[in-house]
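Structural overview for review
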Amino acid sequence: MTMYEIIAKKRDGHKLSQDEIEFFIDGYTNERIMDYQASALLMAMFLRGLDEEETFWLTDAMRRSGETVDLSPIPGVKVDKHSTGGVGDKTTLIVAPLAAACGVPIAKMSGRGLGFTGGTVDKMESIPGFRTSLEPQEFLDLVNTVGMSVIGQTAHIAAADKKLYALRDVTATVDNMSLIASSIMSKKLASGSDAIVLDVKTGGGAFMEKEEDAEALGILMVKMGKASGKKTIAVITDMNQPLGNAVGNSVEVIEAIETLKGQGPEDITELALTLSGLMIYAGEKASTPAEGRTMAEEALKSGRALAKLGDFIEGQSGDRRVIDDYGLFPQATIRRQAVAGEDGFVQRLEARAIGMASQHAGAGRATKEDTIDLAAGIILCKKTGDAVKKGDVLAEIFGNDEAKVDGAVKEAMKAFHIGLNEPEIEPLIKKILM
Ligand code: URA
């Protein structure tokens, strides 16, 4: 078997065998196959597609390409949650404490952001002292004592994905259903939880812009999770505009805290209650999703989830006083406003453009080597459907580099489309697949 033959076979539209997929993943992970041949195969896969069986084989080979985590020292049904990526998506910091406060053990690995989507690990690092890298035993101990731990994903989990994702990112082969499904599910299946709740984003700020594509991706990942013996649920949610009002790092942690205080934006609160309700159900602490949601609502109202967030921050050496004193977060020295130039309604607020503006203000990375400004970001003062008057503040943009912030203001202005008619608002939660 040679890589040349495998590339030619997929190029000509034929189905690959399990052995051929295994040969590719094993060879690429262990550096016997070089980037140029891997890139050619990825493009052939992107253009010709993989059927369900090929996607399952690819996922399984990627899952086995690195370490797999054993969470058996933690009693109970461990539940993981994953979002396919969006702008302003700070839900992990809200749903993990909500589910943990209801007795669901959360042992989660999260990623850093690249491009216009932020990563939970970067956001958590804006909490002074917070450690995102723990020894395996400390991670397990924290889940057993506090009820939850969230750490950075190491390169050892689904090692092939780490290399392949970086290659896909620069060869225009990211937004393919089979490649996304195998990337996400290989990591989730290697991370050791018993059940998985997936938040599959759709719309202009998501990899899957069309709702039917997001739904097909959700169906495929649910099938793959179930075939591996894990209860798997996918929620299809809107990502045409950013989630909540805060986009960045420390500002998103502050918005997550506000949400756990019961003072969060409506959209993020609704999504967090839906997802955590499903996690509580998947974790067998509720007999129906509706009962799970009621339990999540109670954990929010009573302040138990907020207390759980504090215990989690302290458990990972962070300063829990941030919950009551936002001045302890890194501060921005430069603040600017994007102002409406006309009267009307916000017809559209482009998630991707706001994500890019936040990145350019300093909150995100264009390359893996970039350092980020944890204080930089955007607060949206108006969202889709809101009425605006000329001179109203649409958004506040902040950071520590004047030129970057000024550039981001111009980009943020372009993300707002203002017109005379009141637009229809897309439902946030489109479908639940289980
Ligand atoms: N998130 C992932 O982890 N992988 C993809 O391919 C896309 C989104």
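Below is a short write-up of the structure.

The rules behind these values
Residues numbered from 1 in each chain as written. Predicted model: local features only at pLDDT ≥ 70, side-chain atom pairs only at ≥ 80, totals over all residues. Heavy atoms only, no water. Helix = DSSP H or I, 4+ residues; strand = E, 2+ residues; numbered from the N terminus. Buried < 20%, exposed > 50% of the residue type's maximum accessible area, 1.4 Å probe, protein only. Contact = heavy atoms within 4.5 Å. Near = heavy atom within 4 Å. Polar contact = N/O pair within 3.5 Å; in protein donor to acceptor, adjacent residues only side chain to side chain. Pairing = 2+ DSSP bridges. Axes fitted to C-alpha atoms, helices over the stretch in contact; angles between N-to-C directions. Left-handed = near helix turned anticlockwise from the far one by under 90°. Nonpolar A, V, L, I, M, F, W, Y, C, P; charged D, E, K, R; others polar. Core = buried A, V, L, I, M, F, W, Y, C linked by side-chain atoms within 4.5 Å. Phe/Tyr/Trp six-rings, centres within 6.5 Å; stacked < 30°, edge-to-face > 60°. Lys NZ or Arg CZ within 6 Å of the ring centre and 35° of its normal. Expected span 1.5 Å × (residues − 1).

Regarding the overall build of the protein
Looking only at helices and strands, the protein has 16 helices and 13 strands in total. On the principal axes, the C-alpha backbone points of the protein span a range of 65 × 45 × 40 Å. With 434 residues in all, the protein has 57% of them scored as buried. Long-range pairs, those at least 24 residues apart, make up 78% of the contacts in the protein between residues at least 6 apart in sequence.

Notes on the site of the ligand
Around the ligand, the neighbouring residues are T84, Y165, R168, I180, S183, I184, K187 and F207. With respect to the ligand, the side chain of R168 contributes an N or O atom lying 2.9 Å from an oxygen atom. Note that a nitrogen atom of the ligand is positioned 2.6 Å from one of the side-chain N or O atoms of S183. Within the residue set of the shell around the ligand, elements represented by two or more residues are α8 (159–170) and α9 (177–190). Among the elements that take part in the shell around the ligand, α9 stands out by supplying 4 residues, more than any other.

Notes on the sheet that holds strand β1 (residues 79–83)
Backbone hydrogen bonds hold the strands of a sheet together, and the pairing may be parallel or antiparallel. The strand order across the open sheet built from 4 strands is β1-β4-β5-β13, with neighbouring strands paired in mixed fashion. The open sheet has two edge strands with one neighbour each: β1 and β13 (429–433). Neighbour-to-neighbour, the strand axes of the sheet open up by a mean angle of 15°, direction not taken into account. Bridge count for strand β5 (residues 231–238) against β13 is 4 bridges, and the pairing is antiparallel.

Let's talk about the packing of helix α2 (residues 18–29) against helix α4 (residues 52–63)
Where α2 contacts α4, the two axes come as close as 9 Å, and the packing angle between them is 35°. Regarding α2 and α4, the two cross each other, and that crossing is right-handed. Of the residues in α4, those in contact with Q18, I21, E22 and I25 of α2 are E54, W57, L58, A61 and M62. Here the residues of the contact of α2 with α4 are counted per class, giving 6 nonpolar, 1 polar and 2 charged.

Focus on the nonpolar core
The biggest cluster of nonpolar side chains holds 93 residues, and the ones touching the most others in it are F312, I354 and I397. For this core, the element with the highest residue contribution is helix α12 (residues 266–282), accounting for 10 residues. Apart from the residues lying within four places of it in its own chain, the contact partners of F312 are M124, F130, V146, M148, S149 and V150. With 22 residues, the next largest nonpolar core counts M3, I33, L164 and L167 among its residues.

A few points about the packing of aromatic side chains
Taken as a whole, this structure holds 2 aromatic pairs when the rule is applied. Relative to Y28, the ring of F24 lies with its centre 6.3 Å away and its plane at 25°, an arrangement referred to as stacked. Of this pair, F24 and Y28 are both found in helix α2, 4 residues apart, which corresponds to roughly one turn of the helix. Neither residue differs from the other here; F24 and Y28 are each classed as buried. With 5.4 Å between their ring centres and 65° between their planes, F130 and F312 make a pair best called edge-to-face. Remark: F312 occurs in helix α14 (residues 304–315) and F130 occurs in the loop between α6 (120–124) and α7 (136–145); sequence separation between them is 182 residues. Owing to a relative accessible area of 3%, F312 belongs among the buried residues under this scheme. Of note, K187 hangs over the ring of Y165, and the distance from its end group to the ring centre comes to 5.9 Å.

A look at helix α16 (residues 402–415)
If you check α16, its first and last C-alpha atoms are 20 Å apart, about what 14 residues at 1.5 Å a residue would give, namely 20 Å. Packing partners of the buried residues in α16 comprise β7 (334–339), β8 (344–349), α15 (351–363), β11 (393–399) and β12 (416–419). You can read the cap of α16 off the contacts: a side-chain oxygen lies 3.1 Å from the backbone nitrogen of A403, and it is on D401.

Some details on the sheet that holds β8
In space, the 3 strands of this open sheet follow the order β10-β8-β12, with antiparallel pairing throughout. Taken across any chain shown, the strands that pair with only one partner, and hence form the sheet edges, are β10 (387–388) and β12. Sheet topology note: the β8/β10 ladder contains 2 bridges and is antiparallel. Pairing of G344 across the sheet is with V388, part of β10. Each of β8 and β12 is contacted by α16, which is oriented at about 45° to β12, the strand it contacts most.

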